[in-house]
Amino acid sequence: MYINITDSVTANNKSSSRELVHYLEKENRIKDKLEPEFWFNHNGNRIESYEVRHLIDSNNAKLCKTDAKFFLVNISPSQKELKYLEESYGKKEMNKQLRKYAEKVMDEYAINFKREGISSAKDLMWFGKIENHRYYGHKDKEVLNGEKKRGEKKEGNQMHIQIIVSRKDATNKIKLSPMNNSKGKNDAHSKKLGQFNRVAFKQSGETIFDRLFGFDRRLKETFAHANVQKNGSIVQKEQMDILEMSTNQHHNLKHVNELARDVADGLFHSVADMVKVAGQSISGFIEAMLEPVQSIEPDVNPVELAARKRRKRKMQQNQGLGR
């Protein structure tokens, strides 16, 4: 699951939403398209583009010329997630389920601000659009390698959701910016300007998907795992190494992923702390997580395997510094 928030990809979000709405209508301009893809939100699913433009552009009371008037939320399920939905619901029902999912994601968007009076998607001015295609851009490696041309359709199921959300709430009174970097540590600042934790929001989108659709996500497919590998400390990566050894057991997936989210949030100072929270000793914890799967190296303690990875990583870092 990939979720991202931008000021705007193709249009200046400090003026009218006209250009962005027009861009997101591109699939409806395909000549052989029989049924147009309407916009949707919590109020309905057959909203016309001119309604979107009018409501977004008129919901900007007391905003300056240099203020962002709206934001773009991109929700892109993975190929594996899309295949799971298609197998579970069929292509037609899959579209409806994604709309339902998008509304729940926008519930979390609202809650994330922690502002009085902003508690669900109903408190926001937002409009979503399901798109079925993606196209190669000039930065894609396939284009850079000469394998594809810019503008060519990407292969496979590329269904995703684009959401335009107003800077102001549904009452046109409260300013809401997901670009606010406050995470609630300063109470006075948060009370006045609000807060928004983009990492927590991205994580919530994944969690909602798994709970809503009963999707079993492997540890290496989680946002927590990817975030730790990219931005985590050495200690967090060690903790994630231990959890990776426990993912052979299907019934442990949920528990392991919950621990992974705690690791990503920096709740544990060490592997021992992580195990302590799990309520078991290190050896008991590892044994319970791995049993009855046979280790490739049965005589090697999993903690020692993690230590080996740590030493290897440190050696690679030292080699990099020595170049």
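Residues numbered from 1 in each chain as written. Predicted model: local features only at pLDDT ≥ 70, side-chain atom pairs only at ≥ 80, totals over all residues. Heavy atoms only, no water.

Undergrad: Give me the lowdown on the overall build of the protein, citing residues and values where you can.
TA: Per the secondary structure count, the protein includes 12 helices and 6 strands. Within the protein, contacts between residues separated by at least 24 positions form 68% of all contacts whose residues are at least 6 apart in sequence. In the structure as shown, the protein presents an accessible area of about 18300 Å², 49% of it carried by carbon and sulfur atoms. (Helix = DSSP H or I, 4+ residues; strand = E, 2+ residues; numbered from the N terminus. Contact = heavy atoms within 4.5 Å. Areas by Shrake-Rupley, 256 points an atom, 1.4 Å probe, with all protein chains shown as cover.)

Undergrad: Explain the nonpolar core to me, and be specific about the residues and the numbers.
TA: A general feature of soluble globular proteins is that nonpolar side chains tend to end up buried together. Counting 36 residues, the largest nonpolar core has Val73, Ile75, Tyr101 and Tyr109 as the members making the most contacts within it. Every element with two or more residues in this core is listed here: β1 (2-6), β4 (70-76), α3 (79-112), β5 (124-131), β6 (160-169) and α6 (198-213). In terms of residues, this core owes the most to one element, α3, which gives 10 residues. For valine 73, the residues in contact, after removing those within four places along its chain, are Ile3, Asn4, Ile5, Tyr109, Ile161, Gln162, Ile163, Val165 and Phe201. Ranked by size, the runner-up nonpolar core spans 14 residues in total, among them Ala224, Ile242, Leu243 and Val256. (Core = buried A, V, L, I, M, F, W, Y, C linked by side-chain atoms within 4.5 Å. Buried < 20%, exposed > 50% of the residue type's maximum accessible area, 1.4 Å probe, protein only.)

Undergrad: Describe the pattern of salt bridges, listing the residues and the values that go with them.
TA: Applying the stated criterion across every chain yields a total of 11 salt bridges. When the shortest N-O distance is used, the salt bridge between glutamate 244 and lysine 220 registers 3.8 Å. Of the two residues, glutamate 244 is situated in helix α8 (residues 234-244) and lysine 220 in the loop between α6 and α7 (223-231); the sequence distance between them amounts to 24 residues. Several salt bridges converge on common partners, so that one network encompasses Glu81, Glu206, Asp210 and Arg217. (Salt bridge = Lys/Arg side-chain N within 4 Å of Asp/Glu carboxyl O.)

Undergrad: Before we move on, could you go through the packing of α8 against helix α9 (residues 253-264) and cite the residues and values that matter?
TA: Between α8 and α9, whose axes approach to 10 Å, the crossing angle comes to 175°. Judged by the angle between their axes, α8 and α9 are roughly antiparallel. Contacts between α8 and α9 involve Gln236, Gln239, Met240 and Leu243 on the former and, on the latter, Val256, Leu259, Ala260, Val263 and Ala264. Looking at the contact of α8 with α9 residue by residue, the classes come out as 7 nonpolar, 2 polar and no charged. (Axes fitted to C-alpha atoms, helices over the stretch in contact; angles between N-to-C directions. Parallel < 35°, antiparallel > 145°, perpendicular 65-115°, else oblique. Nonpolar A, V, L, I, M, F, W, Y, C, P; charged D, E, K, R; others polar.)

Undergrad: Break down the packing of aromatic side chains for me, citing the residues and quoting the values.
TA: Tallying each qualifying case throughout the model produces 12 aromatic pairs. Between phenylalanine 209 and phenylalanine 213, the aromatic rings sit 4.9 Å apart at their centres with planes inclined by 65°, giving edge-to-face as the arrangement. Separated by 4 residues within a single helix, phenylalanine 209 and phenylalanine 213 lie in helix α6, roughly one turn from each other. Note on accessibility: phenylalanine 209 and phenylalanine 213 belong to one class, buried. Within the aromatic cluster, the residues linked to one another by ring pairs are Tyr84, Tyr89, Tyr101, Phe209, Phe213 and Phe215. The residue whose ring lies beneath lysine 26 is tyrosine 23, and the NZ or CZ to ring-centre distance is 4.0 Å. (Phe/Tyr/Trp six-rings, centres within 6.5 Å; stacked < 30°, edge-to-face > 60°. Lys NZ or Arg CZ within 6 Å of the ring centre and 35° of its normal.)

Undergrad: Talk me through the pairing of β1; I want residue IDs and the actual numbers.
TA: Burial of β1 is one-sided: the residues Ile3 and Ile5 facing one way are buried, the residues Tyr2, Asn4 and Thr6 facing the other way are not. Sheet topology places β1 next to β4; 5 bridges connect them, and they run antiparallel. Within the sheet, the bridge partner assigned to threonine 6 lies in β4 and is leucine 72. (Pairing = 2+ DSSP bridges.)

Undergrad: Please provide a residue-by-residue account of the side chain of serine 166, values included.
TA: Looking at the element boundaries, serine 166 is found in strand β6. The class of serine 166 is buried, set by a relative accessible area of 2%. One polar contact links serine 166 to asparagine 59, side chain to side chain, over a distance of 2.9 Å. Beyond its immediate stretch of four places on either side in the chain, serine 166 contacts Ile56, Asn59, Lys69, Phe70 and Met125. (Polar contact = N/O pair within 3.5 Å; in protein donor to acceptor, adjacent residues only side chain to side chain.)

Undergrad: Run through the side chain of glutamine 239, naming residues and quoting values.
TA: Take glutamine 239: it is sitting in helix α8. Apart from the residues lying within four places of it in its own chain, the contact partners of glutamine 239 are Val263, Phe268, His269, Ser270, Val271 and Met274.

The values are spatial; any link to function lies outside them.
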